[in-house]
Amino acid sequence: MVEVHDGPPMDGFSVPLRLHNLLLALAGRIDDSALTEARELIARAHIDEAVELTTGTLIAGRIPVSSAEQRELALVLEMSRSDATLANDLLVDEAEPVNAHRFSGENAPEFGIAEALDRTLQVLPDVRSVHAVWRNTPAGSVPGALPQRVVLVELGPEGNPPAVAFRVDTALRRAGIHSVVEVSGPGVAHSEYHLAASAAASPAWVTGSTTSTSSSYRPEPAKPSAPVTSEPVAESGSRHSMRSATATTAPAEPVAPVVPIVSPQPAPEPPRKARSERSETRAERTADLTPAEVAQLRQALAEDPEKGREIAAGKPSMHEVVELPALDLDDPSLSERDRALLRELHAELAERERAEAAKMRLNGASRSGGDQRGWTAP
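Residues numbered from 1 in each chain as written. Predicted model: local features only at pLDDT ≥ 70, side-chain atom pairs only at ≥ 80, totals over all residues. Heavy atoms only, no water.

Peer 1: What am I meant to see in the overall build of the protein chain here?
Peer 2: Summing up its helical and strand segments, the protein chain has 14 helices and five strands in all. For the protein chain, the proportion of its 378 residues judged to be buried stands at 33%. By sequence separation, contacts in the protein chain at least 24 residues apart represent 71% of the contacts at least 6 residues apart. Split by element, the accessible area of the protein chain, about 23700 Å² in all, is 56% carbon and sulfur. (Helix = DSSP H or I, 4+ residues; strand = E, 2+ residues; numbered from the N terminus. Buried < 20%, exposed > 50% of the residue type's maximum accessible area, 1.4 Å probe, protein only. Contact = heavy atoms within 4.5 Å. Areas by Shrake-Rupley, 256 points an atom, 1.4 Å probe, with all protein chains shown as cover.)

Peer 1: Is there a simple way to explain the pairing of strand β4 (residues 180-184) in this structure?
Peer 2: Each regular strand shows side chains that alternate between the opposite faces of the sheet. β4 sits mainly inside the fold: five of its five residues count as buried. Here strand β3 (residues 148-155) runs beside β4; their pairing, made up of five bridges, is parallel. Across the sheet, V150 pairs through a bridge with V180, a residue of β4. Of the crossover connections in this fold, the one passing from β3 over helix α7 (residues 161-174) to the parallel β4 is right-handed. (Pairing = 2+ DSSP bridges. Right-handed = clockwise from strand over helix to strand, strands pointing away.)

Peer 1: Please clarify how the packing of aromatic side chains should be interpreted in this entry.
Peer 2: One pair of aromatic rings is described through two measures. These are the centre distance and the angle between the planes. The final tally for this structure, using the stated rule, is one aromatic pair. Ring geometry for F103 and Y193: centres 5.4 Å apart, planes at 75°, overall edge-to-face. Here the residue F103 occupies a position in strand β1 (residues 103-104), and Y193 occupies one in helix α8 (residues 192-200), the gap between them amounting to 90 residues. Y193 shares its class with F103; the two are buried. (Phe/Tyr/Trp six-rings, centres within 6.5 Å; stacked < 30°, edge-to-face > 60°.)

Peer 1: Would you take a moment to explain helix α1 (residues 15-26) for this structure?
Peer 2: In an α-helix, one turn spans 3.6 residues; hence positions three or four apart end up facing the same way. In this model α1 runs 17 Å from its N-terminal to its C-terminal C-alpha over 12 residues, within 8% of the 16 Å that 1.5 Å per residue would give. Along α1, 10 of the 12 residues are buried, which leaves the element largely enclosed by surrounding structure. Along α1, the residues classified as buried are V15, L17, R18, L19, H20, N21, L22, L23, L24 and L26. Its buried side turned inward, α1 meets α2 (32-43), α3 (47-60), α4 (67-79), α7, β4 and α8. Positive backbone phi, approximately 95°, marks G28, located one or two places after α1. (Expected span 1.5 Å × (residues − 1).)

Peer 1: I'm lost on the nonpolar core in this one. Help?
Peer 2: Nonpolar side chains tend to gather and get buried jointly when the protein is soluble and globular. Judged by nonpolar contacts, the single largest core of 31 residues is most densely connected at L19, I30 and L58. Among the elements of the structure, α1, α2, α3, α4, β3 and α8 are those that each provide at least two residues to this core. What I30 contacts, discounting residues up to four positions off in sequence, is L23, L35, T57, L58, I63, A139 and G140. (Core = buried A, V, L, I, M, F, W, Y, C linked by side-chain atoms within 4.5 Å.)

Peer 1: Explain α3 here, please?
Peer 2: In a regular helix each residue adds 1.5 Å, so 14 residues correspond to 20 Å; α3 covers 20 Å between its end C-alpha atoms and thus fits that length. Following α3 by one or two positions, R62 has its phi on the positive side, about 50°.

Peer 1: What am I meant to see in the packing of α2 against α3 here?
Peer 2: In a pair of packed helices, the angle between the axes and the distance between the axes together describe the arrangement. The N-to-C vectors of α2 and α3 enclose an angle of 160°; their axes lie 7 Å apart at closest approach. The pairing of α2 with α3 is recorded here as roughly antiparallel in orientation. Between α2 and α3 lies a crossing of left-handed hand. Where α2 abuts α3, its residues A34, E37, A38, L41 and I42 lie against I47, E49, A50, L53, T54 and T57. The residue inventory of the contact of α2 with α3, partitioned by class, reads seven nonpolar, two polar and two charged. (Axes fitted to C-alpha atoms, helices over the stretch in contact; angles between N-to-C directions. Parallel < 35°, antiparallel > 145°, perpendicular 65-115°, else oblique. Left-handed = near helix turned anticlockwise from the far one by under 90°. Nonpolar A, V, L, I, M, F, W, Y, C, P; charged D, E, K, R; others polar.)

Laid out in structure tokens, this is it:
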């Protein structure tokens, strides 16, 4: 059974940094995807998941480790409150692993790295250098595509290797650069894997530099010189200067005509006065007879002059029912107002006829009743 230490680490490294250095020693032996995922878990403070993933990858792939690496894994498992007995299932081989990987610095492995890490490197503390190299051999039991870009980052004493590895890997992914990031700090012994990679690597960024060796993107800072006011000053009749001058002056003119558009609102007032005048003239005309009424009265006067005069005066006789001649309401010459007035007139005359008829019935009934009461039997 693996012996573990109780208490804090003996060499002064924290638990995340211990596991990070252990992954650095296992680089080239385990899968690149598992290596990157374990480092991301360390940066997110999921130390237990990271060490369990590393231990499970070694056990599943039957990847040999040294006894010192087995003890280190058991210690990190215990300190992260994981099952430390998982380290007993590791394949231990004391033979020093032989580096079988081949690296190449051809075909510009550093291309685009400085541009992708420009902002990230400005905020990360104590980053000394960034190198890149192609690895032409597979790593782990489930290798990925080849060649594989490997990015080597060197830090100073103030740097945080787990955080830098995660930030650099994230920035490269956003730029579309697939790589394996290896970050090493001071006081860490480099394996033969890292020594061989560093020997063939090409520098992508070093301390104090703002450009890379293959900076195809760096001409961008020259763009601010284009908008300088040198073109308007030049009085040469170039087409570019004329277009720029018109483009700057043209937008200022359309601003003025926009404001007066609101002023034409007082114009609709005259039509309102005309409507009021029309309504007043129609109101005045309601006191007079319409042409249809005049025609009706003329027809009544032609048939019976006396009855026509009573209709015109509005005082028919008490014992006579007024009969108004029928009027054709479908006459196209009549307006809707004329038809409405004629309907009211007919309704009023009909009411008068019913009232007169009722009075005549009452008078007849009273007379007959009085004659019967005044008659006595002989």
